[in-house]
Amino acid sequence: PDNKRVYNWLGSFTEAPPSVVFATSEGRPYRVRLCDGKTLWAGPDFAGELGEAPGFSTGGLAMGPNGLAYVTSNVGNGSFAYIKSSFGADARGRLSAYNVSTGQLVWRQEQTMPANNAPSVGSLDG
């Protein structure tokens, strides 16, 4: 997707139409149709649409049972020299939720620690 690196491919398959949802190492999610590889939607480009530089993350994407895709990413300075500090004490992570049907950002939460693992999705009883 747009020559971006996919560090840890944690894709999730979806229906109607059959497709796969995944995120780049910068935390930008994509939904791609399986029959022809057409991009159905791409999440916001941090440097272009959001006006901030992306960071590098070894995280990924996890689908929830509620029609949302959860994506981890880090805030960065846009260069791969930043990779080292993406794992350091000053790194900030985020968890974002996207509507799987439309690709629309539903919510985003900033974290005080880097997000370098895929999110875990499930319900907590109690």
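Anyway, here's the lowdown on the structure attached to this text. Nothing here was measured: the structure is a model prediction, and the numbers come from that model. (Residues numbered from 1 in each chain as written. Predicted model: local features only at pLDDT ≥ 70, side-chain atom pairs only at ≥ 80, totals over all residues. Heavy atoms only, no water.)

**Focus on the pattern of salt bridges**
Inspection of the entire model under this criterion finds two salt bridges. A salt bridge links Arg33 to Asp36; the shortest N-O distance between them is 2.8 Å. With a closest N to O distance of 3.1 Å, Arg94 and Glu110 form a salt bridge. Of this pair, Arg94 sits in strand E7 (residues 92-99) while Glu110 sits in strand E8 (residues 105-110), and the two are 16 residues apart along the sequence. The buried category is assigned to Arg94, whose relative accessible area is 3%. (Salt bridge = Lys/Arg side-chain N within 4 Å of Asp/Glu carboxyl O. Helix = DSSP H or I, 4+ residues; strand = E, 2+ residues; numbered from the N terminus. Buried < 20%, exposed > 50% of the residue type's maximum accessible area, 1.4 Å probe, protein only.)

**A look at the pairing of strand E6 (residues 68-75)**
On any regular strand, side chains alternate: one points to one face of the sheet, the next to the other face. The element E6 is largely enclosed, with a buried count of eight among its eight residues. Of the two faces of E6, both are covered, the one formed by Leu68, Tyr70, Thr72 and Asn74 as well as the one formed by Ala69, Val71, Ser73 and Val75. Where strand E5 (residues 61-63) meets E6, three bridges bridge the pair, whose relative direction is antiparallel. Within the sheet, the bridge partner assigned to Ala62 lies in E6 and is Tyr70. Hairpin connection from E5 to E6: four residues lie between these consecutive antiparallel strands, with Gly67 at a positive phi of about 80 degrees. Summarising the sheet, E6 and E7 pair through eight bridges and their orientation is antiparallel. Along E7, the bridge assignment pairs Tyr70 with Ala97. (Pairing = 2+ DSSP bridges.)

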